[in-house]
Amino acid sequence: MTEYGEVRASDAEREAVVEQLRVASVEGRLTLAELTDRTEAAYTATTHAELALLTQDLPAGATPAAPPVPAGEARKRRWFVGVMGDSKRRGTWRIDQELGAVAVMGDVVLDLREAEVRTNTVDILAVSVMGDVKIIVPDGVNVDLDGVAIMGDKKVDVLEGPDGMNVPVVRVKAYAVMGDVKVIGDSRAKPLQRGFSAWREHWRMLHGEDWRELSRRLRTDGRELRRQLRDDQRGY
């Protein structure tokens, strides 16, 4: 007889765990990096036991979420400004509102990896005038970069989550005039020292390898499969 923990997980059960993780993040229980890590692990989990590891330190029942901001009532934006100087925000901090970054002949760095994100998405307005705005996110999030660059540059260098996965979203509206607005992931930034929580150690014991490397391989295989399908369709 199969033990409960060895029962294969369904897509619906994975999505339920991802939603529980999202609610925990909004409640301030997980940083953005932890949310991204566990979300990726949830989508690659194959059994009930693996899913249980991801939520064992979280409450079983979700508490009511904060009420949404009423229509017409604008939420104040938190600004980080560097004018002929630097403005940097790293480490543990709380994001419960929209963010603004302005660099005028200076630099602004926003490292979101250890931030407690209390909203479903992170919205950032980035303005660079002969300066640089750098936004650091965990690999695995989805980045939506929009805006205008005039004699400047705006770009994303992040290993984003696969299509169809309910991963965290960072939206950036960029205006760059003879300056740069960049969104970069872990692989392009100074590595973040993550503590080895119990679930991650158990995951290594179960799989005998780094689950993030497994997830990257799955994403690579998925992209290669989609490319082959497109090539096959062109052949008809």
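Residues numbered from 1 in each chain as written. Predicted model: local features only at pLDDT ≥ 70, side-chain atom pairs only at ≥ 80, totals over all residues. Heavy atoms only, no water.

A. Here's a closer look at the overall build of the chain. Within the chain, the secondary structure is distributed over five helices and 12 strands. Counting all 236 residues of the chain, 39% fall into the buried class. Summed over its atoms, the accessible surface of the chain is roughly 13000 Å², and 52% of this surface lies on carbon and sulfur atoms. (Helix = DSSP H or I, 4+ residues; strand = E, 2+ residues; numbered from the N terminus. Buried < 20%, exposed > 50% of the residue type's maximum accessible area, 1.4 Å probe, protein only. Areas by Shrake-Rupley, 256 points an atom, 1.4 Å probe, with all protein chains shown as cover.)

B. How the structure looks around unusual backbone geometry. One non-glycine residue, methionine 84, adopts positive backbone phi at about 55°. Checked against the element boundaries, methionine 84 lands in the loop between β1 (78–83) and β2 (86–89). For methionine 84, a relative accessible area of 64% translates into the label exposed. A positive phi angle is found at methionine 151, which is not glycine, with a value near 55°. Along the chain, methionine 151 turns up in the loop between β9 (142–150) and β10 (153–157). Overall, the relative accessible area of 70% leaves methionine 151 in the exposed class.

C. Structural context of helix α3 (residues 48–55). In terms of residue burial, α3 counts as a mostly covered element, since six of its eight residues are buried. Taken together, the buried positions of α3 are occupied by His48, Glu50, Leu51, Leu53, Leu54 and Thr55.

D. Fine view of the sheet that holds strand β5 (residues 107–111). Read from one edge of the open sheet, five strands run β2-β5-β8-β12-β10, paired in parallel fashion. Each edge of the open sheet carries a strand with a single partner, namely β2 and β10. Between one strand axis and the next, the sheet turns through 5° on average, direction left out of account. In terms of strand pairing, strand β8 (residues 132–136) meets strand β12 (residues 180–184) through five bridges, oriented parallel. Pairing of aspartate 132 across the sheet is with aspartate 180, part of β12. (Pairing = 2+ DSSP bridges. Axes fitted to C-alpha atoms, helices over the stretch in contact; angles between N-to-C directions.)

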